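Fold and geometry: a report
Chain residues, written in single-letter form:
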Amino acid sequence: AVPKSRYDADYNRFIGGNSILNDFKVGSVFKIDGKEYVLGNDKKLDIPYGADLYTMEYPPASQHETKW
């Protein structure tokens, strides 16, 4: 279990845009609880509140804006 305050902070980072998502190309697909969410032009994900963010599967490195 995760404290609500931590979940809320993590959730807001994904729906409100943040530096982590800025590293990925628009259209990159993230998986949460087996469902796919596409990164929008605004670099945000449309995730329903309560989704298990801690099961997130990130896109492959080829979807990064810059190669590492």
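Residues numbered from 1 in each chain as written. Predicted model: local features only at pLDDT ≥ 70, side-chain atom pairs only at ≥ 80, totals over all residues. Heavy atoms only, no water.

Quick word on the pattern of salt bridges
Going through the model one piece at a time under the given rule, you end up with 3 salt bridges. Put simply, D8 and K4 hold a salt bridge, and the shortest N to O gap is 2.7 Å. Taken together, the positions of D8 and K4, both in helix α1 (residues 4–15) and 4 residues apart, correspond to about one turn of that helix. Relative accessible area serves as the criterion here: at 55%, K4 is assigned to the exposed category. The residue R6 makes a salt bridge to D10 at a minimum N-O spacing of 3.5 Å. A residue pair is termed a helical-turn pair when its members lie 3 or 4 positions apart in one helix, as R6 and D10 do in helix α1 at 4 residues. The exposure class of R6 is partly exposed, given its relative accessible area of 47%. Among the charged side chains, a salt-bridge network with shared partners connects R6, D10 and R13. (Salt bridge = Lys/Arg side-chain N within 4 Å of Asp/Glu carboxyl O. Helix = DSSP H or I, 4+ residues; strand = E, 2+ residues; numbered from the N terminus. Buried < 20%, exposed > 50% of the residue type's maximum accessible area, 1.4 Å probe, protein only.)

Some details on the side chain of K43
Mapped onto the fold, K43 is located in the segment after β2 (35–38). On the accessibility criterion, K43 (13% relative accessible area) is buried. At a separation of 3.4 Å, a polar atom in the side chain of K43 contacts the main-chain carbonyl oxygen of N22. (Polar contact = N/O pair within 3.5 Å; in protein donor to acceptor, adjacent residues only side chain to side chain.)

Quick notes on α1
In this model α1 runs 16 Å from its N-terminal to its C-terminal C-alpha over 12 residues, within 8% of the 16 Å that 1.5 Å per residue would give. Where α1 is concerned, the buried positions are Y7, D8, D10, Y11 and F14. (Expected span 1.5 Å × (residues − 1).)

A short note on the side chain of S28
As for its position among the elements, S28 is in the loop between α2 (19–22) and β1 (29–32). Of the polar contacts made by the side chain of S28, one reaches the side chain of Q63; its length is 3.3 Å. Each residue touching S28, except ones within four places of it in the same chain, is listed here: Y37, V38, L39, P59 and Q63. (Contact = heavy atoms within 4.5 Å.)

Re the nonpolar core
Buried together is how nonpolar side chains tend to be arranged in soluble globular proteins. Judged by nonpolar contacts, the single largest core of 14 residues is most densely connected at F14, F30, I32, L45, I47, L53 and M56. Of all the secondary-structure elements, those providing two or more residues to this core are α1 and β1. A total of 3 residues in this core trace back to one element, the largest contributor, which is α1. In contact with F30, other than residues within four places in its own chain, are L21, F24, K35, E36, Y37, L39, L45, M56, E57, Y58 and P59. (Core = buried A, V, L, I, M, F, W, Y, C linked by side-chain atoms within 4.5 Å.)

This is a description of form; function is not addressed.
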